[in-house]
Amino acid sequence: MMRNKTEHQALAFTVKATMKNSVVEGPPPAGTFRERPSKPTTFRKFYERREFPMALEHDTKGNHIVWKVEIEKLDFHHYLPLFFDGLCETVHPYEFFACQGVHDMLNHGGPKILPVVSQLIIPIKNALNTRNHKVMCTTLKVLQHLVMSDEKVGEALVPYFRKILPIFNIFKNKNNPVHAPVPESFSPPFSSHHFNIHLTEKLHFVLSAVSQAALCGAVKEETLSLLSLKASTWVTPGPGEIGIR
């Protein structure tokens, strides 16, 4: 009478993997596209201390920021990096104040923006490294606004391309998303009515994921085109790479 041989899971390149009845496990997911939760931002700390000269106002047109001082008189070396640091936020009202504050300061900054560019690189890099599609899209739009705020900002960003563009390479194929995450548990019920509802929910989930990835890819392409136009130092990229110098 033969005994049932049980298979044992083993990690690759180990002694156990060479033993009989061992099944080598596949490599774990690399997690390249997994969202990275951001640490508590300095922007949130300053906001909770009420150290920003602004307030939230509600009217028939929606929410908007009311500044208590003229934006042109603000210390851009102090406030602009703080608002860029808040781009990692995903919770209201921090997200709203950070995004709207950045755009307001870029609209009224003028010549005060260029000297602060070097202080904005780390907040931009941190926001892109969250891998959150919404945060990435917001950051890319802010990056476009930053480049358009002054003629010399594009050239000033060139030395920092190697810190910003690697995340672009990771998501370079997201403008044509084919593999959208789909819920694994999909067991159609017996009722056709319930089956149609379940199928509609599944399709909505897939389309939502595809639209977010496609939007992120479209904004990425716009940002790269704008950077290549304003930086004036673009090189022809090789296959599967983003051109930088």
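Position numbers for residues start from 1 in each chain and track the written sequence from start to end. Reporting in this predicted model follows two pLDDT cut-offs: at least 70 for local features of residues, and 80 or more for side-chain atom pairs to be given and counted; totals over whole chains, interfaces and linings ignore these cut-offs and use all residues. Only hydrogens and water are set aside when side-chain values are computed; all heavy atoms of the structure are taken into account.

Chemist: Kindly report on empty space enclosed by the protein, identifying the contributing residues and their values.
Modeler: To find the voids left in a structure, one rolls a probe of water-molecule size over its atoms. Note on definitions: the grid is 1 Å and covers protein atoms alone; a cavity is a set of points where a 1.4 Å probe fits but cannot get out; a pocket is an open set with protein on both sides within 12 Å along at least five of seven lines; lining residues have an atom within 4 Å of a point. Grid points are joined across faces, edges and corners, and a volume is the space filled by probe spheres set on the points. The final tally for this structure, using the stated rule, is 2 cavities of 30 Å³ or more. Computed from the structure, the largest cavity encloses a volume of approximately 50 Å³. Lining the largest cavity are Gly86, Leu87, Glu89, Glu95, Ala98, Cys99, Val135 and Thr138. A run of DSSP states H or I qualifies as a helix once it reaches four residues; a run of E qualifies as a strand once it reaches two. Both are numbered from the N-terminal end. At the level of secondary structure, the elements contributing two or more residues to the lining of the largest cavity comprise α3 (94–109) and α5 (133–149). Of the residues forming the lining of the largest cavity, the biggest block, 3 residues, is contributed by α3. Looking at the lining of the largest cavity, its residues break down into 4 nonpolar, 2 polar and 2 charged. Here the term charged refers only to Asp, Glu, Lys and Arg, the term nonpolar to Ala, Val, Leu, Ile, Met, Phe, Trp, Tyr, Cys and Pro, and the term polar to all other amino acids, Gly among them.

Chemist: How would you explain the packing of α3 against α5 if you had to name every residue and give the values?
Modeler: Angles run from 0 to 180 degrees between N-to-C directions of axes, and those axes are lines fitted to C-alpha atoms, restricted for helices to the stretch in contact. It is the contact of α3 with α5, at a shortest axis distance of 9 Å, that shows an interaxial angle of 10°. Between α3 and α5, the crossing angle belongs to the class labelled roughly parallel. For the pair α3 and α5, the crossing hand works out as left-handed. Contact with α3, carried on its side by Glu95, Cys99, Val102, His103, Leu106 and Asn107, involves Lys134, Thr138, Lys141, Val142, His145, Leu146 and Ser149 of α5 and no other residues of that element. When the residues that make up the contact of α3 with α5 are grouped by side-chain class, the tally is 5 nonpolar, 5 polar and 3 charged. Roughly parallel covers angles under 35 degrees, roughly antiparallel covers those over 145, roughly perpendicular covers 65 to 115, and oblique covers all other angles. Should the near helix be turned counterclockwise from the far one by less than a right angle, the crossing is left-handed, whereas a clockwise turn marks it as right-handed. In what follows, residue pairs with any heavy atoms lying within 4.5 Å of each other are defined as contacts.

Chemist: Tell me about the packing of helix α2 (residues 76–85) against helix α4 (residues 117–128), residues and numbers included.
Modeler: When two helices pack together, their arrangement is given by the angle between their axes and by how far apart the axes lie. Their axes nearest at 8 Å, the elements α2 and α4 cross at an angle of 15°. Looking at the two axes, α2 sits roughly parallel to α4. In this structure, the crossing between α2 and α4 has a hand that is right-handed. Along the contact surface, α2 presents His77, Leu80, Pro81, Phe84 and Asp85, while α4 presents Gln119, Leu120, Pro123 and Ile124.

Chemist: Talk me through the pattern of salt bridges; I want residue IDs and the actual numbers.
Modeler: Salt bridge criterion: a side-chain nitrogen from Lys or Arg within 4 Å of a carboxyl oxygen from Asp or Glu. Throughout the structure, instances matching the rule amount to 3 salt bridges. The salt bridge involving Lys134 is made with Glu95; its shortest N-O contact spans 3.4 Å. One end of the pair, Lys134, is in helix α5; the other, Glu95, is in helix α3, and 39 residues separate them in sequence. Lys134 sits in the exposed class, given a relative accessible area of 53%. Relative accessibility under 20% of the residue-type maximum defines a buried residue, over 50% an exposed one, and the middle range a partly exposed one, all with a 1.4 Å probe and only protein chains included.

Chemist: So, the packing of aromatic side chains: which residues are in play, and what are the values?
Modeler: Only Phe, Tyr and Trp rings are paired, with Trp represented by its six-membered ring, and only when their centres lie within 6.5 Å; those with planes under 30 degrees apart are stacked, over 60 edge-to-face, the remainder tilted. Enumeration over the complete set of coordinates arrives at 10 aromatic pairs. Aromatic pair Phe52 and Tyr79: ring centres 6.1 Å apart, planes at 50°, arrangement tilted. Of this pair, Phe52 sits in the loop between α1 (42–48) and β3 (54–59) while Tyr79 sits in helix α2, and the two are 27 residues apart along the sequence. Given the relative accessible area of 6%, Phe52 is considered buried. Clustering of aromatic rings is evident, with ring pairs tying together Phe43, Phe46, Tyr47, Phe52, Trp67, Tyr79, Phe83, Tyr94, Phe96 and Phe97. Cation over ring: Arg44 sits above Tyr94, and NZ or CZ is 4.2 Å from the ring centre. Should the NZ of a Lys or the CZ of an Arg lie within 6 Å of a ring centre and within 35 degrees of the ring normal, that charge is described as sitting over the ring.

Chemist: Now, about α4: what can you tell me, with residues and values included?
Modeler: What a helix should span is 1.5 Å times the count of its residues minus one. Compared with the 16 Å implied by 1.5 Å per residue over 12 residues, the 17 Å span of α4 between its first and last C-alpha is a close match. Among the residues of α4, those classed as buried are Val117, Leu120, Ile121, Pro123, Ile124, Ala127 and Leu128. In this fold, the buried residues of α4 make contact with α2, α5, α6 (153–157), α7 (161–164) and α8 (166–170).

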